[in-house]
Amino acid sequence: MTPNGWIQIALFCAIILALTPLLGGYMTRVFAGERTFLSPVLRPIEGAIFALGGVDPKREQTWLGYTLAMLLFHVAGFLILYAVLRLQDLLPLNPQEMAAVPPDLSLNTAISFITNTNWQNYGGESTLSYLAQMLGLTHQNFLSAATGIALALALIRGFSRASAQTVGNFWVDVTRCTLYVLLPLCIPYTLFLVWQGIPQTLGPYVDATTLEGAKQTIAVGPVASQVAIKMLGTNGGGFFNANAAHPFENPTALSNFVQMNSIFALGAGLTNVFGRMVGDERKGWAILAAMGVIFVAGVAVTYWAEAAGTPGLNALGLTGGNMEGKELRFGIVASALFAVITTAASCGAVNAMHDSFTALGGMIPLINMELGEIIVGGVGAGMYGMLLFVVVAMFVAGLMVGRTPEYAGKKIEAKEVKMAMLAILVLPLMMLGWTAVATVLPGTVAAISNPGPHGFSEILYAFTSATANNGSAFAGLSGNTPFYNVTLAVSMFIGRFMMIVPAMALAGSLAAKKTVPASAGTFPTHGGLFVGLLVGVILIVGGLTFFPALALGPIVEHLAAVAGQTFGG
Amino acid sequence: MLNSLRPAFVIVVLLTALTGFAYPLAMTGAAQVLFPAQANGSLIEKNGTVVGSALIGQAFTSDRYFHGRPSATTGADPADASKTVPQPYNAANSMGSNLGPTNPALMDRVKADMAALKAENPGAAVPTDLVTTSASGLDPDISPEAALFQVPRIAKARGLDEDVLRRLVAHETSERTFGLLGEPRVNVVAINLALDRFAGAK
């Protein structure tokens, strides 16, 4: 670990803190329907979309109507994406003449993108046409991100409204999020990325004759426009197989730094939106502080582990940390930091191969996802995930002092706690359940590439990443088989929607409640005590649930590695 | 439910057209006008032929060139297209080795690579980046230490003075961005092009 490394980490945190109130203020105005500097351009477009769709922007929906609209939106998006993948060989913009994507891989990829997971069983440059990348993947990157933010807004409205029947209009939220937030940020961002060196062309792959006279086919494409939304919308699905490690997806140290910031920017901004909408910005900062505590702890562990290197390679005389599976221009610190950010948020883009991380360095990404990606989290998804934990934390606090728990003026009662726990329990059910199935079924274990405890970690990581809708992988696992394509698709689907539906039910039940004025007995939810309580609840719930599985994977691998043991095939 | 079908269909189609079609096409147009070199892949041309991209590494094996990091990319076997074989720096199929920290295959590979490098430059410690694969398999850079390590071999193969090559390495070294971000590095394709120019001018 070097002072320079810590300065890079501190600078990252400072930029996120500075962006939070700016983006928070802007998003609050957008979603309240207020005028912003973009309104003169976008109001007419927005109006046309609502008119054609038959949407009355003033008419709001109940939580059930909102949820149904969201589900229909996903069905339509799924159908488009699945059709584009299956038919890409017949459609235009396919200069490399890619064949149609097989049915099980299309199912996996379509579910993966509508759920904001972006698991990469597809190979990017070796599988997909430009049209599939644009019309299939780029558009779902926008829409799944906009959906996440819309859902977070609905839940925030549940807290901020009193005695209300409705939580907003899904169509209005999704359209405004796309038009006012995502597109305007992506346009300059794309141009910045091109300037840094990311290709943006519809031309075919380039055939080069190398200096030594060999032939090298260089894959290019409309990359920058997809990378911008992939990061900003915490999608993470790469244009190329190697994702953000590929020099064409992440060419420089500067592009890497900006990409890391863009993963957290909107998610962090939403904590501020929450604070503003419930009328106390300090509540938003308290939630961000709880996220920050767990985040910085994770960064410290992964950075330390990667900088220390693997015992096996150090024994051969290598120094300078674990560089296997890392790009030189990023080095140890920017690779470790990226890995923690991408799994804390539900991004899943990778700029280094997590499978080659040290045992403990790779355990932190696993833990981040197992906690439900509430450390800033996916755009929107992190916010509603965190609010579920807040409900549980307030419930625990209420039990301790024997008072009905309240949060943001709302009484937390049996129904709210049940909904929050239902959503939280789905995670271990899918992550651990499928891992158990995959490790005992004959044939499925053959997919692992590293024998021993690391192979178990590969399987655990796959189902954890899918359920948490992250999409990063211990990529040595050959997941492109019918078994994994289907079970991972189920995990992604359940992990997304079994979290969303209880969260929306919670939104509806909270919105209908009266607001209780704060009194001397109200537990203050903007100070250090609240932050400590929230962090404690998150770590206890997550830690107790997943510790046994972690002990079988990364922890035992670390102990074996220190003892000089290896695991041959 | 039924009254949600129309917005579901219309809004998905409109937003798809906007974000999946208009946005990437407009960005392609803007990028081609503003930054045509980068937008087309930062290609390097020499005497009218494309010799590579400034951002993508190449598989160098000759003693006369600086070598990049080991690459784990694969490609179709030229003899039998149904099989994949190692094909370093295959820029149409990026990937890492995905070897885990307790996999003996990793240690065996590194040991063999280190032995070969030690034979080439017995006095010096082997730089870590020269025996570890990159994440993409296309890493264009090596560390300045890794470049200096190769100087004696190249000096011998080209009949050049080692000091001249060391000065070339210093000249081709990029420092951290703003003195802060990333790591010091040497672009292998760029330094080898400089090497060829240098030899041609002599």
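Residues numbered from 1 in each chain as written. Chains lettered and ligands numbered in written order. Predicted model: local features only at pLDDT ≥ 70, side-chain atom pairs only at ≥ 80, totals over all residues. Heavy atoms only, no water.

**Structural notes on the overall build of chain B**
In step 1: Helices and strands together make up the secondary structure of chain B, namely seven helices and seven strands.
In step 2: Ordered by position from N to C terminus, the α and β elements of chain B give α-α-β-β-β-β-α-β-α-α-α-β-β-α.
In step 3: With the C-alpha coordinates of chain B rotated into their principal frame, the extents come out at 80 × 45 × 45 Å.
In step 4: For chain B, the proportion of its 202 residues judged to be buried stands at 55%.
In step 5: Taking the intrachain contacts of chain B between residues at least 6 apart in sequence as the baseline, contacts between residues at least 24 apart amount to 53%.
In step 6: A total accessible area of about 8,800 Å² is found for chain B, and carbon and sulfur atoms account for 61% of it.
In step 7: For chain B, the distance from the average position of its 17 positive side-chain charges to the average position of its 18 negative side-chain charges is 1 Å. (Helix = DSSP H or I, 4+ residues; strand = E, 2+ residues; numbered from the N terminus. Buried < 20%, exposed > 50% of the residue type's maximum accessible area, 1.4 Å probe, protein only. Contact = heavy atoms within 4.5 Å. Areas by Shrake-Rupley, 256 points an atom, 1.4 Å probe, with all protein chains shown as cover. Lys, Arg positive; Asp, Glu negative; His and termini not counted. Charge placed at Lys NZ, Arg CZ, Asp CG, Glu CD.)

**Considerations on unusual backbone geometry**
With glycine set apart, most residues show a phi of negative sign, and most peptide bonds adopt trans.
Residue and element names in this part refer to chain B.
In step 1: Look at Ser 42: it is not a glycine, yet its phi comes out positive at around 50°.
In step 2: Overall, Ser 42 belongs to the buried group, its relative accessible area being 14%.
In step 3: With a phi angle near 55°, Tyr 89 is a residue other than glycine that sits in the positive phi range.
In step 4: Mapped onto the secondary structure, Tyr 89 falls in the loop between strand E4 (84-86) and helix H3 (104-120).

**Focus: the interface of chain A and chain B**
In step 1: Each side of the interface is counted separately: chain A has 107 residues, and chain B has 96 residues.
In step 2: When the two sides are added together, the surface that chain A and chain B hide from each other amounts to roughly 8,100 Å², 68% of it contributed by carbon and sulfur.
In step 3: Ranking the residues of chain A by area buried against chain B places A:Leu211, A:Glu212 and A:Leu328 at the top, with a combined share of 10%.
In step 4: Between B:Asp139 and A:Arg329 there is a salt bridge; the shortest N-O distance is 3.9 Å.
In step 5: There are 40 residue pairs in polar contact (both at pLDDT 80 or more) connecting chain A and chain B.
In step 6: By residue number, the principal contributor to the side of chain A that touches chain B is helix H6 (residues 170-196) of chain A, which donates 12 residues. (Buried area = accessible area lost by both parts, 1.4 Å probe. Salt bridge = Lys/Arg side-chain N within 4 Å of Asp/Glu carboxyl O. Polar contact = N/O pair within 3.5 Å; in protein donor to acceptor, adjacent residues only side chain to side chain.)

**Section: the pattern of salt bridges**
Close approach of charged atoms lets side chains of opposite charge pair.
In step 1: Scanning the model with the defined rule gives 22 salt bridges over all chains in all.
In step 2: Where A:Asp280 meets A:Lys283, a salt bridge forms, and the shortest distance between an N and an O atom there is 3.4 Å. Accessibility classification places A:Asp280 together with A:Lys283 in one group, the buried group.
In step 3: Of the charged contacts, one joins A:Lys326 and A:Glu306 as a salt bridge, the two residues approaching to 2.6 Å between their closest N and O atoms. Here A:Glu306 lies in helix H9 (residues 281-308) and A:Lys326 lies in the loop between helix H10 (311-315) and helix H11 (331-344), a separation of 20 residues in the sequence.
In step 4: Look at A:Glu306 and you get buried, because its relative accessible area is 0%.
In step 5: Here the salt bridges share partners, and the residues they tie into one network are A:Glu327, A:Arg329, B:Arg69 and B:Asp139.

**Examining the sheet that holds strand E6 (residues 173-174) of chain B**
Residue and element names in this part refer to chain B.
In step 1: Judged by pairing direction, the sheet is antiparallel, and its three strands sit side by side in the order E5-E7-E6 without closing on themselves. The open sheet has two edge strands, strand E5 (141-142) and E6, and neither has a second partner.
In step 2: As judged from the two bridges shared by E5 and strand E7 (residues 185-187), these two strands associate in the antiparallel manner. Following the sheet pairing, Ile 142 is matched in E7 by Val 186. (Pairing = 2+ DSSP bridges.)

**Examining the confidence of the model for chain B**
In step 1: Counting all residues, the mean pLDDT for chain B is 92, and 98% of those residues have values of 70 or more.
In step 2: Reported for the predicted complex are a pTM of 0.94 and an ipTM of 0.95. (pLDDT = per-residue confidence, 0-100.)

**Focus: the side chain of B:Asp141**
In step 1: Take B:Asp141: it is sitting in strand E5.
In step 2: Buried charge without a partner: B:Asp141 forms no salt bridge, and the closest opposite charge is B:Arg185, 4.1 Å away.
In step 3: Contacts of B:Asp141, omitting those with residues within four sequence positions, involve A:Leu328, A:Arg329, B:Arg69, B:Arg185, B:Val186, B:Asn187 and B:Val188.

**Brief notes about the side chain of A:Gln133**
All names here are of chain A.
In step 1: With respect to the helices, strands and loops of the structure, Gln 133 is situated in helix H5 (residues 130-160).
In step 2: Residue classification places Gln 133 among the buried residues on the basis of a relative accessible area of 0%.
In step 3: Not counting chain neighbours up to four residues away, the residues in contact with Gln 133 comprise Gly 124, Leu 128, Thr 138, Gln 226, Gly 238 and Phe 239.

**Some details on the pairing of strand E1 (residues 206-209) of chain A**
Residues and elements named next belong to chain A.
In step 1: Only one face of E1 is buried: it carries Val 206 and Ala 208, and the other face, with Asp 207 and Thr 209, is open.
In step 2: Sheet analysis places E1 next to strand E2 (residues 215-218), joined by four bridges and oriented antiparallel. By the bridge assignment for E2, Val 206 is matched with Ile 218.
In step 3: Two successive antiparallel strands, E1 and E2, enclose a turn made up of five residues, where Gly 213 displays a positive phi of approximately 90°.

**Some points on the nonpolar core**
In step 1: Judged by nonpolar contacts, the single largest core of 177 residues is most densely connected at A:Phe159, A:Phe264, A:Ile287, A:Phe295, A:Leu387 and A:Tyr407.
In step 2: With 16 residues, H6(A) is the largest single contributor of residues to this core.
In step 3: Ignoring any residue separated from it by four or fewer positions in sequence, one finds A:Tyr407 in contact with A:Phe159, A:Phe274, A:Lys283, A:Ile287, A:Leu387, A:Val390, A:Met394, A:Ile412, A:Thr525 and A:Phe530.
In step 4: If you look at the next biggest cluster of nonpolar residues, it comprises 35 residues, including B:Phe60, B:Met114, B:Val151 and B:Leu195. (Core = buried A, V, L, I, M, F, W, Y, C linked by side-chain atoms within 4.5 Å.)

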